[in-house]
Amino acid sequence: MISTRKHRRWANFSGSGVVIGLISYALFAQYILGLEACPLCIFQRVAFIAAGVIFLIAGIHSPVGVGSRLYAAGALVVSVVGMGIAGFHVYIQNLPEDQVPPSCGAGLNYMLDVFGPLEAVRMVFTSAGECADINWQFLSLSMPGWALVWFVLLGTL
């Protein structure tokens, strides 16, 4: 258990450092390796960034008592949301080919511009066929599988 203010500060900075590393690799994979990010991948990135911001602010602020619990609760909520998105993504990737939802066709930016944020999120979760493609694996886990692992670790932190 992290019991002192100094240990909490370093744990929070470590969490933000992990997120910086994960987002850096995601951008490397997109721009250097040429792996296009699907809408669910983008949602996972947003959740990672939100968790990283909470960890960074908590590390800088280094509160005691209720304040530290509020930051921990915020990071946990964001991590659980990220786990849900990554878990759904892994589920879609493991569906039989005939059960994969249809592709939404349009890019996320287009959907956000035309339909608004809530409708775009609904469309992504109901028609995420392009998110079923597995184009990267490490130790038999796809990128969303690793995202799920990292969300669990960050939520535990």
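See the structure above.
Scoring rules and cut-offs
- Residues numbered from 1 in each chain as written.
- Predicted model: local features only at pLDDT ≥ 70, side-chain atom pairs only at ≥ 80, totals over all residues.
- Heavy atoms only, no water.
- Helix = DSSP H or I, 4+ residues; strand = E, 2+ residues; numbered from the N terminus.
- Buried < 20%, exposed > 50% of the residue type's maximum accessible area, 1.4 Å probe, protein only.
- Contact = heavy atoms within 4.5 Å.
- Areas by Shrake-Rupley, 256 points an atom, 1.4 Å probe, with all protein chains shown as cover.
- Phe/Tyr/Trp six-rings, centres within 6.5 Å; stacked < 30°, edge-to-face > 60°.

A short note on the overall build of the chain
Next, step 1: Each helix and strand in the chain was counted, giving six helices and two strands.
Next, step 2: When the helices and strands of the chain are placed in sequence order, the string is α-α-α-α-α-β-β-α.
Next, step 3: Per-residue burial over the chain gives 38% buried out of 157 residues.
Next, step 4: A separation threshold of at least 6 residues defines the contact pool for the chain, and within that pool the share at least 24 residues apart is 76%.
Next, step 5: Accessible surface, the chain as shown: approximately 9,100 Å² in total, 68% of it carbon and sulfur.

Examining the packing of aromatic side chains
The description of two aromatic rings rests on the distance between their centres and on the angle between their planes.
Next, step 1: Counted according to the given criterion, the structure contains four aromatic pairs.
Next, step 2: On the numbers, 5.8 Å between centres and 40° between planes, the contact of Tyr-25 with Phe-28 is tilted. Taken together, the positions of Tyr-25 and Phe-28, both in helix H1 (residues 5-31) and three residues apart, correspond to about one turn of that helix.
Next, step 3: Residue Tyr-25 is classed as partly exposed on the basis of its relative accessible area, which comes to 33%.
Next, step 4: Pairing Phe-88 with Tyr-91 gives two aromatic rings, centres 6.4 Å apart and planes at 35°, and the pair type is tilted. Highlighted residues: Phe-88 and Tyr-91, both in helix H3 (residues 66-93), separated by three residues, approximately one helical turn.

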